[in-house]
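Single-letter residue listing:
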Amino acid sequence: MLSLLAVAAAIPAIVNAQGSSSLPAPSVSILSQNPTAVPLSQINVAEPTSTTLAPGWTTTPTAGAVPTFIPGAPGLPDVTKLVPSNYPTLDKLPDITSPEVQQWIAEVKASGVQIPNISPTVLGGCAANAEAASDQSRCWWTCGGCVRDTDITTCPDKLTWGLTYDDGPAWFTPNLLQYLDANDLKSTFFVVGSRAISYPALLQTEFMAEHQIAVHTWSHPYLSTLSNEQIIAELGWSKKIIKDVLGITPNMMRPPYGDIDDRVRAISLAMGLTPVMWTRISPTATFDTGDYDIHGGTITSQQVLKNWDYILGNATTINTGFIVLEHDLFQQTVEIATGYILPDALARTNPKFNIKPVISCLNKPMQDAYIETNNNQSNSQPANSPSGSVSALSSGASGSVQATGGASHGGSHSSSAVGLFNPGFFVYAVEVAAIAISVIF
Ligand SMILES: *[C@@H]1O[C@H](CO)[C@@H](O)[C@H](O)[C@H]1NC(C)=O
Ligand SMILES: *[C@@H]1O[C@H](CO)[C@@H](O)[C@H](O)[C@H]1NC(C)=O
Ligand SMILES: [Zn+2]
């Protein structure tokens, strides 16, 4: 059944988006690929984006349909009643003077969570922020991979893979959902609010297929560069649109580009959102497939499979499970997932991987992934209360700091363009448009 495929050795390197240098095409061995996979050489920068959803799913959930797999959840809202003009402009920082944001600011103040007085960073990553980068007290993941006990960075059980896709729902998401369904796989989707308001029925479909939905901000900024109020606005609006579409509110978030420090952490926790990163075991072994950058031409699909091969190799050497960064934003990222990465993972039986959404890999039921249905008594993590976050955040010693090195995901994004979600680069989105943290009571 399983044939060892030697992919890419004969495939010429593609010319990258800038048209200057060509990238190497490493030879990659994977165990299995989807018989209908798009040839690897065709998964490249030339593939388009569209505002029309790719075919792949036919049933739109009905308003009022009850997600019976989440005890206590209400029926689905009627998405035809959503009024986009009641939400911020797509892919822009929301206005912080709106009544909604003012209320969320007041709620954060009332939560009793002390937001540490850390200055915002500037765009440009570690190089542009030498002082912040060397200031270990702020536990800035971007420069050195620092994490706190309140961050979810792995799945506890060895060989368990917390499957995650970021930045959707988007035009190729239906194909990913179809593949996941056909193979009985469930994932966590970190949803961008601007995409949720654009494709609410698709988000409902994702949710009703029993995938976990979580927060990935409204406009995908580097959160550490924002003011407290702007961070609250980004998280608040994405919580709100997801609740307006699904009827319940996620309690996990992933910071875009992994850009989190103790200030961003405290605000997230004060808003009932537990940060979820991807596994990073050293400056060079970050569990990021790099799939996002195929679209921009700074990585080849062959190199993404090579990264995948390294991730699997590293995953077998650690005593915990792992969480991998992938995206459902682009045709390229979906095609490499459904054509290669997932078939390869499923074909590996020695050892076998257990593939689960993050909430399930933590051995918690799906209802614990949402603020309204989470059992707050027996479930301290994800944190919903200041008291839940105190113990883990108050000890500075709990932060783990690794040697400063390039963060591959954030690094590749920030070096290729300042804010890939800006209108010039992110054509797709524009077309759619229309701790030492101190915690006190
Ligand atoms: C772990 O990943 C690094 C680079 O990401 C790679 O060089 C190394 O070979 C990997 N280890 C295994 C056992 O695959
Ligand atoms: C848990 O707390 C949240 C508010 O923080 C509340 O909305 C929710 O209803 C509570 N969950 C249960 C099961 O009581
Ligand atoms: Zn993202």
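No experiment lies behind these values; they were computed from the predicted model shown.

What follows covers the overall build of the protein chain. Each helix and strand in the protein chain was counted, giving 13 helices and nine strands. Taking all 441 residues of the protein chain together, the buried fraction comes to 58%. As presented, the protein chain carries roughly 16400 Å² of accessible surface, and 54% of it is formed by carbon and sulfur atoms.

A few words now on the site of ligand 2. Near ligand 2 you find Ile371, Glu372, Asn374 and Asn376, and these make up its full shell. At 3.1 Å from a nitrogen atom of ligand 2 is found a main-chain nitrogen or oxygen belonging to Asn374. In this structure, Asn376 approaches ligand 2 through a side-chain N or O atom, which is 2.3 Å from an oxygen atom. About the coverage of ligand 2: the protein hides 46% of its 360 Å² of free accessible area. Residue classes in the shell around ligand 2 are distributed as one nonpolar, two polar and one charged.

Below, the discussion takes up the environment of Asp181. Structurally, Asp181 is set in helix H3 (residues 173–182). For the pair Asp181 and Glu210, spaced 29 residues apart in sequence, the C-alpha to C-alpha distance is 9.7 Å. Those residues within four positions of Asp181 in sequence are excluded, and the remaining contacts are Lys186 and Ala209.

Attention now goes to helix H9 (residues 331–347). Quick reminder: α-helices carry 3.6 residues per turn. Residues three or four places apart thus point the same way. For H9, built from 17 residues, the straight-helix expectation of 24 Å at 1.5 Å per residue is met to within 8% by its first-to-last C-alpha distance of 23 Å. Remark: the principal bend of H9, roughly 45°, maps to Ala337. By the criterion of burial, H9 is predominantly enclosed, with 16 of the 17 residues buried.

Below, the discussion takes up the site of ligand 1. The environment of ligand 1 is formed by Thr284, Ala285, Tyr310, Gly313 and Asn314. Between ligand 1 and Thr284 there is a distance of 3.1 Å, counted from an oxygen atom to a backbone nitrogen or oxygen. If ligand 1 stood free it would expose 360 Å²; the protein chains cover 56% of that surface. Each residue belonging to the shell around ligand 1 can be placed in one class, and the counts come to two nonpolar, three polar and no charged.

This next bit is on the coordination of the zinc ion (ligand 3). Coordination of the zinc ion (ligand 3) by the protein involves Asp167 (OD), His216 (NE2) and His220 (NE2), with metal-donor separations of 2.0 to 2.1 Å. Each donor residue of the zinc ion (ligand 3) lies on the same chain, and together they follow the pattern D-x48-H-x3-H. One end of the pair, Asp167, is in the loop between strand S3 (160–166) and H3; the other, His216, is in the loop between strand S5 (212–215) and helix H6 (228–246), with 49 residues separating them in the sequence. Taken as a pair, Asp167 and His216 share a single burial class, namely buried.

This part takes up the nonpolar core. The biggest cluster of nonpolar side chains holds 102 residues, and the ones touching the most others in it are Trp161, Ile213, Ile241, Ile336 and Leu342. The greatest single-element share of this core, amounting to nine residues, is contributed by H6. Contact partners of Ile241, with chain neighbours within four places excluded, come to Leu82, Tyr87, Gly193, Ala196, Ile197 and Trp218.

Here H6 is 19 residues long and its end C-alpha atoms lie 27 Å apart, about the 27 Å a rise of 1.5 Å per residue gives. Just downstream of H6, Gly247 is the residue with a positive phi angle, here 95°.

Before going further, it helps to examine the confidence of the model for the protein chain. Of all residues in the protein chain, 79% attain a pLDDT of 70 or more, and the chain-wide mean is 84. Residue range residues 1–24 is modelled with pLDDT below 50. Its contacts to residues more than four positions away, or to other chains, number 46 contacts. Here residues 381–441 is modelled with pLDDT under 50, and outside its nearest four sequence neighbours on either side it reaches 153 contacts, counting other chains as well.

The tally for this structure, following the rule as stated, stands at three disulfides. Across a sulfur-sulfur distance of 2.2 Å, Cys126 and Cys143 are joined as a disulfide pair. Around the S-S axis, the bridge from Cys126 to Cys143 shows a dihedral of about -110° and counts as left-handed. Remark: Cys143 occurs in the loop between helix H2 (130–134) and S3 and Cys126 occurs in the loop between helix H1 (99–110) and H2; sequence separation between them is 17 residues.

This next bit is on the packing of aromatic side chains. Centre-to-centre distance and the angle between the planes together describe a pair of aromatic rings. Evaluation of the coordinates by the stated rule reveals 14 aromatic pairs. For the ring pair Trp171 and Phe172, a centre distance of 5.0 Å and an interplane angle of 70° mean the geometry is edge-to-face. Take Phe172: its relative accessible area is 9%, and that puts it in the buried class. Each member of the aromatic cluster is reached from another via a ring pair, and the members are Trp161, Phe287, Trp308, Phe322 and Phe353.

We now examine unusual backbone geometry. In this model, Gly168 is joined to Pro169 through a cis peptide bond whose omega is 0°. Topologically, Pro169 is positioned in the loop between S3 and H3. A cis geometry characterises the amide bond from Asn350 onward to Pro351, with omega recorded as 0°. On the secondary structure map, Pro351 appears in the loop between H9 and strand S9 (354–356). A positive phi angle, near 55°, is found at Asp184, a position not held by glycine. Mapped onto the elements, Asp184 comes out in the loop between H3 and strand S4 (188–191). What makes Asp184 exposed here is its relative accessible area of 63%.

Further remarks concern the pairing of S3. Within a regular strand, the side chains alternate between the two sheet faces. For S3, the buried fraction is high: seven of the seven residues fall into the buried class. A two-sided burial pattern is seen for S3, the buried positions comprising Thr160, Gly162, Thr164 and Asp166 on one face and Trp161, Leu163 and Tyr165 on the other. Two strands pair when backbone bridges link them, and S3 and S9 are joined in this way by three bridges, in the parallel orientation. Bridging across to S9, Trp161 finds its partner in Ile355. Relative to strand S8 (residues 322–327), S3 is paired through six bridges, and the arrangement is parallel. Counterpart to Tyr165 in the pairing with S8 is Glu326. As paired elements, S3 and S4 share three bridges and run parallel to each other. Residue pairing for S4: Tyr165 is matched across the bridge by Phe189. Each parallel crossover has a hand, and the one from S3 via H3 to S4 is right-handed.

The rules behind these values
- Within each chain, residues carry numbers counting from 1 in the order of the written sequence.
- Each chain gets a letter, beginning with A, and each ligand a number, beginning with 1, in the order they are written.
- Confidence filtering applies because this is a predicted model: local features only for residues at pLDDT of at least 70, side-chain atom pairs given and counted only at 80 or more, and all residues used for totals across whole chains, interfaces and linings.
- The side-chain values count all of the structure's non-hydrogen atoms but skip hydrogen atoms and water molecules.
- A run of DSSP states H or I qualifies as a helix once it reaches four residues; a run of E qualifies as a strand once it reaches two. Both are numbered from the N-terminal end.
- Burial here depends on accessible area, computed with a 1.4 Å probe over protein chains only, as a share of the maximum for the residue type. Under 20% is buried, over 50% is exposed, and the range in between is partly exposed.
- Working definition of accessibility: Shrake-Rupley area with a 1.4 Å probe, residue cover restricted to the visible protein chains.
- In this text, near means that some heavy atom of the residue lies within 4 Å of the molecule or strand in question.
- Here a polar contact is taken to be a pair of N or O atoms separated by no more than 3.5 Å, where protein atoms must pair a possible hydrogen donor with a possible acceptor and residues adjacent in sequence count only if both atoms sit in side chains.
- Only Asp, Glu, Lys and Arg are considered charged in this grouping, and only Ala, Val, Leu, Ile, Met, Phe, Trp, Tyr, Cys and Pro are considered nonpolar; every other residue, Gly among them, is considered polar.
- It only takes one pair of heavy atoms within 4.5 Å for two residues to be counted as in contact.
- Expected span, for any helix, means 1.5 Å times one less than how many residues it has.
- For a residue, the bend is simply the angle between two axes, fitted respectively to the seven-residue segment ending there and the seven-residue segment starting there.
- Only nitrogen, oxygen and sulfur atoms qualify as donors, provided they sit within 2.8 Å of the metal or within 3.2 Å for Na, K and Ca; with water excluded from the atoms, sites may seem incomplete.
- In this description, a nonpolar core means a group of buried Ala, Val, Leu, Ile, Met, Phe, Trp, Tyr and Cys residues linked to one another through side-chain atoms lying within 4.5 Å.
- pLDDT: the predictor's confidence for each residue, scored from 0 to 100.
- When the sulfur atoms of two cysteines come within 2.5 Å, that pair is taken as a disulfide.
- By convention, a stacked pair of Phe, Tyr or Trp rings (six-membered ring in the case of Trp) has centres within 6.5 Å and planes under 30 degrees apart, an edge-to-face pair has planes over 60 apart, and any other such pair is tilted.
- Pairing between strands is defined by DSSP: at least two bridges between the two strands are required.
- Note on handedness: a clockwise path from strand one over the helix to strand two, with the strands aimed away from the viewer, defines a right-handed crossover.

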